[in-house]
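Architecture at a glance
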Amino acid sequence: RNVDLTLRRGEAVGIVGRNGAGKSTLLKMIAGTLQPSEGHVEVRGRIGTMLELGAGLHGDYTGRENARFAAALMGLSPAQFDAVADDIERFADIGSYFDRKLREFSSGMYARLAFSVNIHCAPSVLIVDEILSVGDIGFQLRCLEYLRAFCAKGGTLLFVSHDDAAVRALCDRAIWLQDGKVAAEGATDRVLRRYHTHIWKAQSGKDSFEVRDDAPAQEPPAQGAASSDETSPAETPSGFDPERLPHHPVAGSISWVGFFDIQGRQVPLVQGGRRVDLRIRFRADVALNQ
């Protein structure tokens, strides 16, 4: 109802909301599988959709045959499919199952095949609705890397997920749907904070919790002021970049973990919306070169 959205090239937009809020219905109207009862949707470019696990795939045909049919529905000619068939098989990474009947697939294999077919049909708009949640961690990471590169090259991504980490990792903008209407739209972190506040109040029946967008920035406690615990780290690491982790992690063990409030006091319990420091001591089995 009264949803008015403009999505631009190269933009990744996350859509969040409770079950039944209208997220999947909105995506189906954009994809053209549902027609709106009022208003209109205008899309420029080829759409790749991953809305429902196994939608459009037939259990009596092999993965390769299903890939060919799905590619044809997206506008690829037989010659064009043959040119990308090996790439589809390689990205799906399901081994000999690619030439076995689909009814033998696990739910994760469905997701791998559907995702691989869609991205190799050169879409300009990609719609993803929770389908990545059924894949294993290796497949999820590969998909996230692809989606980042897809947007960097000018593709448009519409991403529905209940996984906040995935929405934050992929999307610069988010839309919160509530009862079929836009409850909030804007920067991802701000929209997610408002959404979480609403959910907490609805479930707890309390109005005492609030995450404010204009909360003043708080500085972490000074180094060394944390605790009398001799096992606590002497300093807080800075400049951590998870994208630059080594490809071959060093084995070791975590020997201590502690939470500290803004005054530098160790606390046994943390509350939502409060700024805290999480400090971890890790002992590597071998010397680190960096």
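Below or above, wherever it landed, is the structure these notes cover. (Residues numbered from 1 in each chain as written. Predicted model: local features only at pLDDT ≥ 70, side-chain atom pairs only at ≥ 80, totals over all residues. Heavy atoms only, no water.)

1. Re the overall build of the chain
- Scanning the chain for helices and strands turns up 7 helices and 8 strands.
- Sorting the 290 residues of the chain into buried and exposed places 34% on the buried side.
- For the chain, the proportion of contacts with a sequence separation of at least 24, taken over those separated by at least 6, is 64%.
- For the chain, the accessible surface area stands at approximately 17,900 Å², while carbon and sulfur atoms represent 49% of it. (Helix = DSSP H or I, 4+ residues; strand = E, 2+ residues; numbered from the N terminus. Buried < 20%, exposed > 50% of the residue type's maximum accessible area, 1.4 Å probe, protein only. Contact = heavy atoms within 4.5 Å. Areas by Shrake-Rupley, 256 points an atom, 1.4 Å probe, with all protein chains shown as cover.)

2. Thoughts on the packing of aromatic side chains
- Under the counting rule described, the total for this entry stands at 11 aromatic pairs.
- Between the aromatic rings of F91 and Y146, the centroid separation amounts to 6.5 Å while the plane-to-plane angle is 70°, which identifies the pairing as edge-to-face. Here F91 is found in helix α3 (residues 78-92), whereas its partner Y146 is found in helix α5 (residues 137-152), with 55 residues between them in sequence.
- A residue is classified by how much of its surface remains accessible, and Y146, at 22% relative accessible area, is partly exposed.
- For the pair F115 and Y146, a centre-to-centre distance of 6.0 Å together with 85° between the ring planes defines the contact as edge-to-face. (Phe/Tyr/Trp six-rings, centres within 6.5 Å; stacked < 30°, edge-to-face > 60°.)

3. Some thoughts on the sheet that holds strand β4 (residues 156-160)
- Spatially, β2-β3-β4-β1-β5-β6 is the arrangement adopted by the 6 strands of the open sheet, whose pairing is mixed. Where the open sheet ends on each side, the last strands, each with one partner, are β2 (47-50) and β6 (181-187). Averaged over all neighbouring strand pairs, the angle between strand axes comes to 15°, with direction disregarded.
- Inspection of the sheet shows strand β5 (residues 173-178) paired to β6 by 6 bridges, in the antiparallel sense. Counterpart to W176 in the pairing with β6 is A184.
- Sitting on the sheet, helix α4 (residues 107-119) is in contact with β2 and β3 (125-129), with an inclination near 175° to β2. (Pairing = 2+ DSSP bridges. Axes fitted to C-alpha atoms, helices over the stretch in contact; angles between N-to-C directions.)

4. Let's talk about the side chain of R173
- Relative to the elements of secondary structure, R173 occurs in strand β5.
- For R173, a relative accessible area of 13% translates into the label buried.
- Polar side-chain contacts of R173 include one of 2.7 Å to the side chain of E11. (Polar contact = N/O pair within 3.5 Å; in protein donor to acceptor, adjacent residues only side chain to side chain.)

5. Regarding the pattern of salt bridges
- What the rule picks out here adds up to 13 salt bridges.
- Close ionic contact of E11 with R173 constitutes a salt bridge, the shortest N to O distance being 2.7 Å. In this pair, E11 is assigned in the segment before β1 (12-16) and R173 in strand β5, connecting sequence segments 162 residues apart. Note on accessibility: E11 and R173 belong to one class, buried. (Salt bridge = Lys/Arg side-chain N within 4 Å of Asp/Glu carboxyl O.)

6. What about a nonpolar patch on the surface?
- Among the surface-exposed residues, I254, V257, F259, V270, L278, I280 and F282 lie close enough to one another that they form a single nonpolar patch of about 620 Å² accessible area.
- Of all the elements in the fold, those that place two or more residues in the nonpolar patch are β7 (252-260) and β8 (277-284).
- Relative to the helices and strands, F259 resides in strand β7. (Patch = residues over 30% accessible without salt bridge, like charges linked within 9 Å, V, L, I, M, F, W, Y side chains within 5 Å.)

7. Re unusual backbone geometry
- Phi angles above zero are rare outside glycine, and N2 is one such case at about 55°.
- When you line up the elements, N2 lands in the segment before β1.
- We note that D179 has phi near 55°; this positive angle belongs to a residue other than glycine.
- In this structure, D179 sits in the loop between β5 and β6.

8. Describing the packing of α4 against α5
- In contact at an axis separation of 12 Å, α4 and α5 are set at 15° when each is read in the N-to-C sense. The orientation of α4 relative to α5 falls into the category roughly parallel. Helix-helix and strand crossings are classified by hand; for α4 and α5 the assignment is left-handed. Within the contact between the two elements, α4 uses A111, R112, F115 and I119 and α5 uses F139, R142, C143, Y146 and L147.
- Residues belonging to the contact of α4 with α5 are distributed by class as follows: 7 nonpolar, no polar and 2 charged. (Parallel < 35°, antiparallel > 145°, perpendicular 65-115°, else oblique. Left-handed = near helix turned anticlockwise from the far one by under 90°. Nonpolar A, V, L, I, M, F, W, Y, C, P; charged D, E, K, R; others polar.)

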